[in-house]
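Here is what each chain is made of, one letter per residue.
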Amino acid sequence: MLARPRPRLLVALLALALAGALTGCSLFDRDKPGTPLAQPSGGVVGGGSQLEIPATVAAGQVSLIQRLGEDGPLRTLSVERNGAWQCVDCAGDGVTSRGTLAPELTERLQVLLANPALADETDQARRYRTTCIDALTSSLITSTGLITSQDCPGEERTPVAGEILLLLTQATPAEVTG
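All values derive from a computational prediction rather than experimental measurement.

Taken as a whole, this structure holds two salt bridges when the rule is applied. One salt bridge connects Asp123 with Arg126, and the closest N-O pair in it is separated by 3.0 Å. Here Arg126 and Asp123 lie together in helix α3 (residues 123–126), a separation of three residues that amounts to about one turn. A residue is classified by how much of its surface remains accessible, and Asp123, at 1% relative accessible area, is buried.

Below is the structure:
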């Protein structure tokens, strides 16, 4: 029996819920800058729902979760291995956009996602802590783990994840800066 492919909307919604669960303390709590982000470990989503969410996405896939400041809407971008993408609320207007990366961008993204150095850029490996309030926070969910960055003065982007973020934001409606 063939496995059913996961619906893209479900993947986007799970990514949205995962981002909320993982970054809630740092994105919603203005009084505690520097609070470390929680690490993905799977868990329960929503008010009492017992839906388990994955800690990572499959190899070759990536999700980008963004929020500008504490009150901004969550914006989610999910990219499949074949380059097909779906962006939910990327402009903060509630619109869902879809498209496909150009073949050369899809190939470049796959090379970046397969780079072993990406494992050293995860929040866990870096012991990442958010430092800015009201900045654009971008979280990449990859098969190696969660990689978070903020668009704030003095924060250096990780080399591989920074390149993935730039590729995604240049090729889709997602944004690289607030």
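Following the structure, the description resumes.
Turning our attention to the packing of helix α2 (residues 103–113) against helix α4 (residues 159–171). Running from N to C, α2 and α4 cross one another at 155°; their axes reach a closest spacing of 10 Å. Relative to α4, α2 is oriented roughly antiparallel. Considering the relative orientation of α2 and α4, their crossing is left-handed. From α2, Leu105, Arg108, Leu109, Leu112 and Leu113 reach across to α4, where they touch Val160, Glu163, Ile164, Leu167, Leu168 and Ala171.

Moving on, we get to the state of the cysteines. Following the criterion strictly, the structure yields two disulfides and no others. One disulfide bridge connects Cys87 with Cys90, the sulfur atoms lying 1.3 Å from each other. Here Cys132 pairs with Cys152 through a disulfide, and the sulfurs are 2.2 Å apart. Here the disulfide of Cys132 and Cys152 is right-handed, its torsion about the S-S bond being about 90°. Here Cys152 lies in the loop between β6 (145–150) and α4 and Cys132 lies in the loop between α3 and β5 (136–142), a separation of 20 residues in the sequence. Residue classification places Cys152 among the buried positions, given a relative accessible area of 10%.

What counts, and where the lines are drawn
Residues numbered from 1 in each chain as written. Predicted model: local features only at pLDDT ≥ 70, side-chain atom pairs only at ≥ 80, totals over all residues. Heavy atoms only, no water. Salt bridge = Lys/Arg side-chain N within 4 Å of Asp/Glu carboxyl O. Helix = DSSP H or I, 4+ residues; strand = E, 2+ residues; numbered from the N terminus. Buried < 20%, exposed > 50% of the residue type's maximum accessible area, 1.4 Å probe, protein only. Axes fitted to C-alpha atoms, helices over the stretch in contact; angles between N-to-C directions. Parallel < 35°, antiparallel > 145°, perpendicular 65-115°, else oblique. Left-handed = near helix turned anticlockwise from the far one by under 90°. Contact = heavy atoms within 4.5 Å. Disulfide = S-S within 2.5 Å.

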